[in-house]
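Now for the letters of each chain:
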Amino acid sequence: MKTSRKALAVLAAGAGIALALTGCSTGDSKAPAGDGELSGASITVGSKEFTESHVLAQITALALENAGAKITDQTGISGSATVREALVSKEIDIYWDYTGTGWVNVLGNTTENLPEDLYAAVAEADAANGIAWLEPANFENTYRIAVKSDFAKANGIATMTDVADYVNANPKDAAICAASEFINRDDGLPGLQDAYGFKFSEIVELDLNLIYTQIGESCSFGEVFSTDARVISNDLTVIDDNDGFFVEYAGAVTLRQETLDEYPAIASILAPISEALTNEAITELNGKVDNDGEDPRDVAEEWLTAEGFIA
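Please read all numbers here as calculations on a predicted model, not as lab measurements.

1. Side note on the overall build of the chain
When its secondary structure is counted, the chain shows 15 helices and 11 strands. Counting all 311 residues of the chain, 52% fall into the buried class. The long-range share in the chain, meaning contacts at least 24 apart out of those at least 6 apart in sequence, stands at 80%. Carbon and sulfur atoms provide 48% of the accessible area of the chain, an area that totals close to 13600 Å².

2. So, the sheet that holds strand E9 (residues 221-225)
Within the open sheet, the five strands sit side by side as E8-E7-E9-E6-E10. Their pairing is mixed. Pairing within the sheet leaves two strands with one partner each, and these edge strands are strand E8 (202-205) and strand E10 (236-238). For this sheet, the mean inter-axis angle between neighbouring strands, taken without regard to orientation, is 35°. Bridge analysis of strand E6 (residues 143-148) against E10 gives three bridges, and the strand direction is antiparallel. In the sheet register, Val 147 faces E10, and the bridge partner there is Thr 237.

3. Thoughts on the pattern of salt bridges
Overall, the coordinates contain 10 salt bridges when judged by the stated rule. Close ionic contact of Glu 65 with Arg 297 constitutes a salt bridge, the shortest N to O distance being 3.1 Å. Residue Glu 65 is found in helix H2 (residues 51-66), and its partner Arg 297 is found in helix H15 (residues 296-306); the two are separated by 232 residues along the sequence. Residue class for Glu 65 comes out partly exposed when judged on its relative accessible area of 23%. With relative accessibility at 30%, the residue Arg 297 sits in the partly exposed group. The shortest N-O distance in the salt bridge between Arg 185 and Asp 187 comes to 2.9 Å. Side by side, Arg 185 and Asp 187 carry an identical accessibility label, which is buried. Salt bridges here are not isolated pairs; linked through shared partners, they connect Lys 90, Asp 93, Arg 256 and Glu 258.

4. Overview of the pairing of E9
Burial analysis of E9 places five of its five residues in the buried class, which makes it a mostly covered element. Of the two faces of E9, the one carrying Phe 221, Glu 223 and Phe 225 and the one carrying Gly 222 and Val 224 are both buried. In this structure, strand E7 (residues 175-178) lies alongside E9, joined through two bridges in parallel fashion. Following the sheet pairing, Cys 177 is matched in E9 by Gly 222.

5. Examining the environment of Gly 191
Relative to the helices and strands, Gly 191 is located in helix H9 (residues 189-196). Relative accessible area serves as the criterion here: at 14%, Gly 191 is assigned to the buried category. Apart from residues no more than four positions distant in its own chain, Gly 191 is found in contact with Asp 186 and Phe 245.

About the cut-offs
Counting from 1, residues in each chain are numbered in the order their sequence is written. In view of the model being predicted, local features appear only for residues whose pLDDT reaches at least 70, and side-chain atom pairs are presented and counted only at 80 or more, with totals across whole chains, interfaces and linings using the full set of residues. Just so you know, side-chain values use all the structure's heavy atoms and leave hydrogens and water out. Each helix is a run of DSSP H or I of at least 4 residues and each strand a run of E of at least 2, with the numbering of both proceeding from the N terminus. Each residue is assigned to one of three classes by its accessible area relative to the maximum for its type, calculated with a 1.4 Å probe on protein chains only: buried under 20%, partly exposed between the two thresholds, exposed over 50%. Residues are treated as being in contact if the distance between any of their heavy atoms lies within 4.5 Å. Computed with a 1.4 Å probe, the accessible areas rest on the Shrake-Rupley method; for each residue, only the protein chains presented here act as cover. Criterion used throughout: strands pair if DSSP finds at least two bridges between them. Each axis is a line fitted through C-alpha atoms, and for a helix only the stretch in contact is used; angles between axes span 0 to 180 degrees, taken between their N-to-C directions. A pair is scored as a salt bridge if a Lys or Arg side-chain nitrogen falls within 4 Å of a carboxyl oxygen belonging to Asp or Glu.

Structure (C-alpha cells):
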C-alpha cells in the first residue's frame, strides 16, 4: 500500500508540473471577431485547471464570441491564486470563481462569522481591488468529503460527525486523498478537522482528477466537489456537512471593473446564462466531459445552442 501511494504521489506531482508548464496550451488560439454588441472587443478568457472551470470558460467564450468579440483562450491555469493573479495582471480578462474562494483565499477572511449574503460581501470588498463579480449562477460547487457507498453503508457513515467518530476509533483506516489546494486552505482540510475534532491519520496528495478513482483504493476518504459527476460514476456517497463548516461556493463570473466599464454588454449577455446554470445543469455538463470523454468546448456549444443562447 505504501509503495502504491508513493507512486500515485509521484504521478500527481508530475501532473502538477505538466499543468504549470502547459496549462495555457490553447492560449494562442483566437476566435475571429464578428458583428454584435461586442464587435471590436478583444477578450482573453481564462479558467482554472479542473473540468467545471474549463466548461464554464468555454460557455463564456462562445457567448461573448457570438456577440462579436474576438476571444483568446487561456484556459487551464493551475491554482486559484495563479488564475486570480493572471486576472489582476491583465494576462486574462475574465474567468469564473466561487464566492467561498473569494472570501477566504482572495480577500483573506476566515470561515468564522460569515456574512449572511456572502456574494454581496465578496463583491463589495473586491470592488476596492478593481475586480467586479457578476451576479452568481444558480449552482453551488462546494467542497465535500466522500467515501465508497458500500463503505458508508457498512460503517454507518452519513455525516461529518460520523466521519470524526470513525476516524477517532479507526486511525489505521483513516487516510484521505486530497489535492494540494484543499490540504492547505483554511476553508479546506485544516479547518474541517478542527471543526469536527478529528485528524486523518494519513494525507495522500493527488491531482484532483485522480482522487475519484482512488477513494476505496489508496484512501477510505477523499475530497470531492459537489457538482462533479464522477461522484455518481464512481459509486461514491457524499458526506453531509452537518455542522455547516464548508463555505458557500456559488459560481460567478469575475473580471476587472475597467473591462466591464468598457464592455458593459458582458453583464447582460452572461446574466441569463448564469441563471440557467443550475446544480443539475452543471453536473450534467461536467459528466459529459469526465464520464463521456467529450471536449469542454463541444459540450458548452451544445448546451448554449439547446438553451437558445447561441444559434
